[in-house]
Amino acid sequence: MAKRDQKEASLLVLVAMVVVMVVLAVQVKSVVAAGEYTEAMMKVVREQVNAVNFTGNDARPGLIRLMFHDCFVNGCDGSVLLMTSRESSADGTTEKDSGFNIGLRGFEVIDKIKEKLADYKVTCTDAVIYAAREAVYLLSNGKIAYNVDGPGRKDGVISRSEDPEKYLPTPSSDFAVLVKKFTDKVVFTEKDVVALSGAHAVGVAHSTTINVTGTPEMYQTAVGWETFKDPNAVKNNVREYDGGPLKISSGYKDDNKERMAAKGVLDNSFYNAVLQKMALFPSDRVLGVNAVTKVREYMNNAGTWNNDFGSAMEKLSKLRATSDPSKIEIRNVCSKTN
């Protein structure tokens, strides 16, 4: 009788173990089915992000801007990539044609990432988000890393040239407008406005977007020289300026030697420039007046800014597409609808 009870108990344990294994298998399968941004995918994206260079300028800041200009308009849907769409403006133009999107770059990187990660079912929208994430990681020397969702986002089929103007802040926006543009998205706070502006520690600007009225005279001279060298690629960060043939000093000061030596690095140097009124855009310089406490905090504490910037970028990457779900798809080619 005891042996029979032992056999029955052993059988029950075996059955229980099988049930647990089946449940775990189902759970693992569901996670894989839902998609995950894996280390293998990350490696491919980083390789592609590092493989490009535009006219001697670092391409990676352009990939951060590309995601912002996509996700901030109608949610993350890859609509900024479209050259033609099912629903465009009356004259057939798309978001790419908007004056707000002048100088956007990195489209070929997105195409390459989608191609290389085809087996992972990566969409055009996924590629935009992953490229920005790895650009941030690489530009910050690994100090800023944030979570992104796995592949499977759908791509939009609507892209109108008038849409960016409705949602994106301008280089001359005042602080109230900046905050409203961000908080209209619900997930963003005033802190996110200040944190995300720090992306201007890297990258370049088109001369038509620049307004340095009211900045120090020597800074204006330095910006003039940068504009003369290349009006399509004026460096955002005064720290990067070479001063020109007469070695004109911009007057920029920073006692942080490590930060001064970190050329081309995504770091908290932007906030030091803001407090000296040495940022290219009025929309950046207003932070030094209306958010001076937070600007000083970020200038003095790189770790705090790294964390807050990463958190804000993660929020940005998760803005849902606002298109009718029946009107989104997985595009075969990123520049046009199926």
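Residues numbered from 1 in each chain as written. Predicted model: local features only at pLDDT ≥ 70, side-chain atom pairs only at ≥ 80, totals over all residues. Heavy atoms only, no water.

The protein appears in an unreviewed UniProt entry as Peroxidase from Triticum aestivum. Per its UniProt entry, the protein bears the Catalytic activity (unreviewed entry) comment "2 a phenolic donor + H2O2 = 2 a phenolic radical donor + 2 H2O". (UniProt positions renumbered as here; feature names shortened; annotations may be inferred.)

J.: Tell me about the confidence of the model for the protein, residues and numbers included.
T.: Considering every residue of the protein, the mean pLDDT works out to 88; 87% of them sit at 70 or more. Counted against residues more than four places away or in other chains, residues 1–34, with its pLDDT under 50, gives 2 contacts. (pLDDT = per-residue confidence, 0-100. Contact = heavy atoms within 4.5 Å.)

J.: Describe the packing of helix 14 (residues 292–300) against helix 15 (residues 302–317), and please don't skip the residues or the numbers.
T.: For the pair helix 14 and helix 15, the least separation of the axes is 5 Å and the interaxial angle reads 110°. Regarding the angle of helix 14 to helix 15, the classification is roughly perpendicular. Only Ala302, Thr304, Trp305 and Asp308 of helix 15 make contact with helix 14, whose side of the interface consists of Glu297, Tyr298 and Asn300. For the contact of helix 14 with helix 15, a count of residues per class yields 3 nonpolar, 2 polar and 2 charged. (Axes fitted to C-alpha atoms, helices over the stretch in contact; angles between N-to-C directions. Helix = DSSP H or I, 4+ residues; strand = E, 2+ residues; numbered from the N terminus. Parallel < 35°, antiparallel > 145°, perpendicular 65-115°, else oblique. Nonpolar A, V, L, I, M, F, W, Y, C, P; charged D, E, K, R; others polar.)

J.: Go over the UniProt feature "site: Transition state stabilizer" (unreviewed entry) in the protein, please, and point to the residues and values.
T.: Within this numbering scheme, the UniProt entry marks Arg65 as carrying the feature "site: Transition state stabilizer" (unreviewed entry). Mapped onto the elements, Arg65 comes out in helix 3 (residues 60–74). Excluding residues that lie within four positions of it along the chain, Arg65 makes contacts with Phe100, Asn101, Ile102, Gly103 and Leu104.

J.: Residues and numbers for the UniProt feature "binding site: Ca(2+) 2" (unreviewed entry) in the protein, please.
T.: The residues that UniProt annotates with the feature "binding site: Ca(2+) 2" (unreviewed entry) are Asp267. Examined against the element boundaries, Asp267 turns out to sit in the loop between helix 10 (257–261) and helix 11 (269–275). Not counting residues within four places of it along the chain, the set of residues in contact with Asp267 comprises Gly198, Ala201, Arg239, Arg259, Ala262 and Trp305. A polar contact is formed between the side chain of Asp267 and the side chain of Arg239, at a distance of 2.7 Å. (Polar contact = N/O pair within 3.5 Å; in protein donor to acceptor, adjacent residues only side chain to side chain.)

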